[in-house]
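Spelled out from the first residue to the last, the chains are:
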Amino acid sequence: MARASDPTKDDERLRNCGAVLKEILDVPDNIPQDLLDKADCVVVFPSVLKAAFIVGGSYGRGAMSCRKGEDFRGRGRPHDDALEGGSFGFQIGGQLRTLSCSL
């Protein structure tokens, strides 16, 4: 099922993702530049919410950008991405994680 997205929310989410990535890259000795240069894709989730009491779930919205072209050397456009999941078992707790980035 396709959902109509709100361009204002999409723009704000992309700005948040850019701010998160900039903050991560500004921290000395965090992500080596050569690792970032070799990455085919970068996924940024400004925040991820996790909660559980017997049944658990996680949710976050962010953006993903992948290189294009021959040998992945071209620039790609960012795409909206969602992190959703569920779990069942002996568990209790909650977590709000911010500044999340994956290479």
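We now turn to the structure provided with this report. In this convention, every chain numbers its residues from 1, walking through the sequence in written order. Owing to the predicted nature of the model, reporting of local features is limited to residues with pLDDT of at least 70; listing and counting of side-chain atom pairs is limited to 80 or more, with chain, interface and lining totals taken over all residues. Note that water and hydrogens are dropped before the side-chain values are worked out from all heavy atoms of the structure.

The next point concerns the pattern of salt bridges. The salt bridge criterion pairs a side-chain nitrogen of Lys or Arg with a carboxyl oxygen of Asp or Glu, the two atoms within 4 Å. A complete count under the given rule lists 2 salt bridges for this structure. Notably, a salt bridge pairs Asp 80 with Arg 13, separated by 3.9 Å at the nearest N-O pair. Here Asp 80, found in strand 2 (residues 79-102), pairs with Arg 13, found in helix 1 (residues 7-26); they are 67 residues apart in sequence, far enough to count as distant. Lys 22 serves as the salt-bridge partner of Asp 26, at 2.8 Å between the closest nitrogen and oxygen. Highlighted residues: Asp 26 and Lys 22, both in helix 1, separated by 4 residues, approximately one helical turn. Take Asp 26: its relative accessible area is 51%, and that puts it in the exposed class. Each helix is a run of DSSP H or I of at least 4 residues and each strand a run of E of at least 2, with the numbering of both proceeding from the N terminus. Throughout, exposure labels follow a simple rule: accessible area from a 1.4 Å probe, protein chains only, divided by the maximum for the residue type, with under 20% read as buried, over 50% as exposed, and the rest as partly exposed.

Two cysteine sulfurs form a disulfide in these notes if their separation is within 2.5 Å. Evaluated as defined, the whole model comprises 1 disulfide. What pairs with Cys 41 in a disulfide is Cys 66, and their sulfur atoms sit 1.9 Å apart. With the S-S bond torsion at 110 degrees, the cross-link from Cys 41 to Cys 66 turns out right-handed. By relative accessible area, Cys 41 is classed as partly exposed at 26%. What makes Cys 66 partly exposed here is its relative accessible area of 24%.

Let's shift gears to the layout of surface pockets. Residues are called lining when one of their atoms sits within 4 Å of a cavity or pocket point, these points coming from a 1 Å grid over the protein atoms alone, where a cavity is a set in which a 1.4 Å probe fits but cannot get out and a pocket is an open set with protein on both sides within 12 Å along at least five of seven lines. Grid points are joined across faces, edges and corners, and a volume is the space filled by probe spheres set on the points. In this structure, the second largest pocket spans a volume of roughly 180 Å³. Surrounding the second largest pocket, Lys 9, Glu 12, Arg 13, Asn 16, Pro 46, Ser 47, Val 48, Leu 49, Tyr 59, Gly 60, Arg 61 and Leu 96 form its lining. Broken down by secondary-structure element, the contributors of at least two residues to the lining of the second largest pocket are helix 1 and strand 1 (41-66). Ranked by residue count, the leading element in the lining of the second largest pocket is strand 1, at 7 residues. Classifying every residue of the lining of the second largest pocket gives 5 nonpolar, 3 polar and 4 charged. Note that Gly is not counted as nonpolar here; it falls among the polar residues with everything else outside the nonpolar set of Ala, Val, Leu, Ile, Met, Phe, Trp, Tyr, Cys and Pro and the charged set of Asp, Glu, Lys and Arg.

Let us now look at the nonpolar core. What we call a nonpolar core is a set of buried Ala, Val, Leu, Ile, Met, Phe, Trp, Tyr and Cys residues that are connected through their side-chain atoms within 4.5 Å. By size, the foremost hydrophobic cluster in this structure holds 7 residues: Cys 17, Val 20, Ile 24, Leu 36, Val 42, Val 44 and Ala 63. Going through the elements one at a time, helix 1 and strand 1 are the ones with two or more residues in this core.

On to a nonpolar patch on the surface, then. Together, Phe 53, Ile 54, Val 55, Phe 88 and Ile 92 give the surface a local cluster of nonpolar side chains, amounting to about 600 Å² of exposed area. No other element matches strand 1, which puts 3 residues into the nonpolar patch. Tracing the backbone shows Phe 88 in strand 2. Here Phe 88 falls in the exposed class, since its relative accessible area comes to 69%. Patches here are clusters of residues that have more than 30% relative accessible area and form no salt bridge, with a 9 Å joining cutoff for like charges and a 5 Å cutoff for nonpolar side chains (Val, Leu, Ile, Met, Phe, Trp, Tyr). Note on areas: these come from Shrake-Rupley sampling with a 1.4 Å probe, and a residue is covered only by the protein chains present in the view.

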